[in-house]
Amino acid sequence: MRHRVVLSLVLASAALLFACGPSFDPASELHDEPQMLGLRATPPEIAPGEEVVLDALVHWPGATPTMVYLVCIPDVGDSLTSCVMNRFSGDQPPPMCSADPAARLCVAGLGDVGRYRLPEGFFPDDGNPHTFFVTVLATPGVEGLAECTDTLMTGSPSATCLMGLKRVAVSFSPPRNVNPEMDTLSVNGEVADASALFPLALGGVAEKDFAVALAV
């Protein structure tokens, strides 16, 4: 089923609403500080034996960050951060998931993309919801990996090692969740390329009339 969401941005009203409060930079202004913007799992829900592809969106001006994707299979009571902290000593790096599928903490990828195939036997088919955890680390070059060791051991990102966290759902039967995909995008009635960045030509358009429509 196709869902259409229409977003009307009334900038003048927003300015009036926040006139008495602190001013905030727009989300589109990322400035010079490195930021972990998002971590995506495709698909976001898998069954044992299936593969998930992991990728992250990182803003790091002046550098191409080195990405490390880790998968952690939790015990009861583990959180997103404690799962890794309980299994990582810092003495040696976790194994690659492809080389040691039975590892409960392993590296799913080094680079732009990580891949993980969930083995059979980690989760029971008992009708209850299950999840495993993904951690991505971003650092400006391999020399920053030492800083990322501290990040893993403490669960706290730093200026030279960013961290993103995500849960991936485990399901034994369909239907399963999927990530939304943008179908069409229009700005003031003009259809734009939904798969690429594009400049907004707002010349002559009143702020109160500015509207974005997207279909997913």
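Refer to the structure presented above.
All values derive from a computational prediction rather than experimental measurement.

Participant: Even after reading the chapter, I still don't get the sheet that holds strand β5 (residues 66-72), so can you show me in this structure?
Facilitator: Read across the sheet, five strands follow the order β3-β9-β8-β5-β6 without closing on themselves; strand pairing throughout is mixed. A single partner strand is all that each edge strand has here, and the edge strands are β3 (45-46) and β6 (105-110). Pairing of β3 with strand β9 (residues 162-170) involves two bridges; the strand directions are parallel. Within the sheet, the bridge partner assigned to Ile46 lies in β9 and is Val170. Sheet strands touched by helix α3 (residues 145-154): β5, β8 (130-139) and β9. Its angle to β8, the strand with the most contacts, is close to 145 degrees.

Participant: When you look at the pattern of salt bridges in this model, what are you seeing that I'm missing?
Facilitator: Think of it this way: side chains of opposite charge can pair up when their charged atoms draw near. Applying the stated rule across the entire model yields seven salt bridges. Between Arg176 and Glu50 there is a salt bridge; the shortest N-O distance is 3.6 Å. Placement of the pair is Arg176 in the loop between β9 and β10 (184-187) and Glu50 in the loop between β3 and β4 (51-59), with a sequence separation of 126 residues. One salt bridge connects Arg87 with Asp78, and the closest N-O pair in it is separated by 3.0 Å. In the salt-bridge network here, residues are joined through shared partners; they are Asp75, Asp78, Arg87 and Arg104.

Participant: Would you take a moment to explain the sheet that holds β4 for this structure?
Facilitator: Backbone hydrogen bonds are what pair the strands of a sheet, in a parallel or an antiparallel way. Pairing is antiparallel across the open sheet formed by three strands, whose spatial order is β2-β4-β7. Taken across any chain shown, the strands that pair with only one partner, and hence form the sheet edges, are β2 (35-42) and β7 (113-117). Taking each pair of neighbouring strands and ignoring which way they run, the sheet shows an average axis angle of 20 degrees. Sheet topology places β4 next to β7; five bridges connect them, and they run antiparallel. Across the sheet, Val52 pairs through a bridge with Tyr116, a residue of β7.

Participant: Could you clarify how one ought to interpret the state of the cysteines in this entry?
Facilitator: Should the sulfur atoms of two cysteines be covalently bonded, the bond is a disulfide. Applying the stated criterion across every chain, the model contains three disulfides. Each disulfide pairs two cysteine sulfurs, and for Cys97 the partner residue is Cys106, the sulfurs being separated by 2.0 Å. Where Cys97 bonds to Cys106 through sulfur, the torsion about that S-S bond is close to 95 degrees, and the disulfide is right-handed. The disulfide pattern of the protein is 1-2, 3-4, 5-6 when the bonded cysteines are numbered in sequence order.

Parameters at a glance
- Residue positions are given per chain, counted from 1 along the sequence in the order it is written.
- Whole-chain, interface and lining totals are the exception, using all residues; otherwise, since this is a predicted model, local features are given only for residues with pLDDT of at least 70 and side-chain atom pairs are given and counted only at 80 or more.
- No hydrogens and no water enter the side-chain calculation; it runs on all heavy atoms of the structure.
- A pair of strands counts as paired when DSSP detects no fewer than two bridges linking them.
- Secondary structure elements follow DSSP: runs of H or I no shorter than four residues count as helices, runs of E no shorter than two count as strands, and numbering proceeds from the N terminus.
- Working rule for contacts: check all heavy atoms of both residues, and any pair within 4.5 Å makes them a contact.
- Fitting a line to C-alpha atoms yields each axis, with helices limited to the stretch in contact; the angle taken between N-to-C directions then spans 0 to 180 degrees.
- Any Lys or Arg side-chain nitrogen found within 4 Å of a carboxyl oxygen on Asp or Glu counts as a salt bridge.
- Counting rule for disulfides: a pair of cysteine sulfur atoms within 2.5 Å.

That is the geometry; function is a separate question.
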